[in-house]
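The chain contents come next:
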Amino acid sequence: MIIDKITNIDNYKEIPDNAKNFIKNLYNDIKVGKYSIKDDDYANIEVYITKKLDNAKFESHQKYIDIQLLLSGKEKIYIHSSSELNVSVPYNKENDIIFYNDSVVNSDFVTLDTTNFVLLYPHEAHAPQIALEEVPSEVKKVVVKIKIR
């Protein structure tokens, strides 16, 4: 996992240049949707209302690394090693996702705002979209998906 300010993104050689350039050229009014970056790398732009903690579910991926950042709002993302969790929905190859049924309550979390990002590897399960202080709010999020090569 990497947690850092967006302004420091060029410091990370493990992030492809095309993904860095996409992130650095984002603008607040970019439309919701899927954007191709290069080859199998892409980004999803979405707007949603954050969830209360009791609705948090861990997930992980096998084929993609996630880079998550916000264009507006704030949210918590809970993080835990997937090897320590119990699978509730087995791996879906088409959607590249596994869901877990463990509680997020005693896990570490990252607070995303419009200044930082988190990079999550496949072994790092995450429960995103969680409201700060249990008060749901609207966010605009970018999830960059980097295919593992």
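Overview of the structure. (Residues numbered from 1 in each chain as written. Predicted model: local features only at pLDDT ≥ 70, side-chain atom pairs only at ≥ 80, totals over all residues. Heavy atoms only, no water.)

### So, the packing of aromatic side chains
Right, on to step 1. As enumerated under the stated definition, the model contains 4 aromatic pairs in all.
Right, on to step 2. Look at Phe22 and Tyr35: their rings are 6.1 Å apart centre to centre, the planes differ by 50°, and that puts the pair in the tilted class. Here Phe22, found in helix α1 (residues 17-24), pairs with Tyr35, found in strand β2 (residues 33-38); they are 13 residues apart in sequence, far enough to count as distant.
Right, on to step 3. For Tyr35, a relative accessible area of 24% puts it in the partly exposed group.
Right, on to step 4. Ring plane angle 75° and centroid distance 5.5 Å describe the contact between Tyr42 and Tyr64, whose orientation is recorded as edge-to-face. Residue Tyr42 is located in strand β3 (residues 41-49), and its partner Tyr64 is located in strand β5 (residues 64-72); the two are separated by 22 residues in the primary sequence.
Right, on to step 5. Given a relative accessible area of 17%, Tyr42 falls into the buried group. (Phe/Tyr/Trp six-rings, centres within 6.5 Å; stacked < 30°, edge-to-face > 60°. Helix = DSSP H or I, 4+ residues; strand = E, 2+ residues; numbered from the N terminus. Buried < 20%, exposed > 50% of the residue type's maximum accessible area, 1.4 Å probe, protein only.)

### Details of the side chain of Asp102
Right, on to step 1. Position of Asp102 among the secondary structure elements: in the loop between β8 (97-100) and β9 (108-112).
Right, on to step 2. Among all residues touching Asp102, those that are not within four sequence positions of it are Phe58, Glu84, Leu85 and Asn86. (Contact = heavy atoms within 4.5 Å.)

### Quick word on the nonpolar core
Right, on to step 1. Within the largest apolar cluster, 22 residues are counted, with the highest numbers of intra-cluster contacts made by Ile67, Phe117, Val142 and Val144.
Right, on to step 2. Contributions of two or more residues to this core are made by α1, β3, β5, β10 (116-120) and β12 (138-147).
Right, on to step 3. Here Val144 is in contact with Ala19, Phe22, Ile23, Ile37, Tyr42, Ala43, Ile65, Asp66 and Ile67, once residues within four sequence places are set aside. (Core = buried A, V, L, I, M, F, W, Y, C linked by side-chain atoms within 4.5 Å.)

### Quick word on the pairing of β2
Right, on to step 1. Relative to β3, β2 is paired through 5 bridges, and the arrangement is antiparallel. Residue Gly33 lies in a different strand from β3, and its bridge partner there is Ile45. (Pairing = 2+ DSSP bridges.)

### What to know about empty space enclosed by the protein
Right, on to step 1. The full count for this structure, using the stated rule, is 1 cavity of 30 Å³ or more.
Right, on to step 2. Computed from the structure, the largest cavity encloses a volume of approximately 30 Å³.
Right, on to step 3. Surrounding the largest cavity, Glu14, Ile15, Pro16, Ile65, Ile67, Leu119, Tyr121 and Ile146 form its lining.
Right, on to step 4. Looking at the lining of the largest cavity residue by residue, the classes come out as 7 nonpolar, no polar and 1 charged. (1 Å grid on protein atoms, 1.4 Å probe; cavity = no way out; pocket = protein on both sides within 12 Å on 5 of 7 lines; lining within 4 Å. Points joined across faces, edges and corners; volume = space filled by probe spheres on them. Nonpolar A, V, L, I, M, F, W, Y, C, P; charged D, E, K, R; others polar.)

### Quick notes on the pattern of salt bridges
Right, on to step 1. Counted by the stated rule, this structure contains 6 salt bridges.
Right, on to step 2. In this structure, the salt-bridge partner of Lys20 is Asp17, at a minimum N-O distance of 3.9 Å. One end of the pair is Lys20 and the other is Asp17, both in helix α1 and 3 residues apart, which spans about a single turn.
Right, on to step 3. One salt bridge connects Asp40 with Lys147, and the closest N-O pair in it is separated by 3.6 Å. Separated by 107 residues along the polypeptide, Asp40 in the loop between β2 and β3 and Lys147 in strand β12 bring together distant segments of the chain. (Salt bridge = Lys/Arg side-chain N within 4 Å of Asp/Glu carboxyl O.)

### Details of the layout of surface pockets
Right, on to step 1. Reported here for the largest pocket is a volume of approximately 360 Å³.
Right, on to step 2. Only β3, β5, β11 (124-130) and β12 provide two or more residues apiece to the lining of the largest pocket.
Right, on to step 3. Tallied by class, residues from the lining of the largest pocket come to 5 nonpolar, 6 polar and 9 charged.

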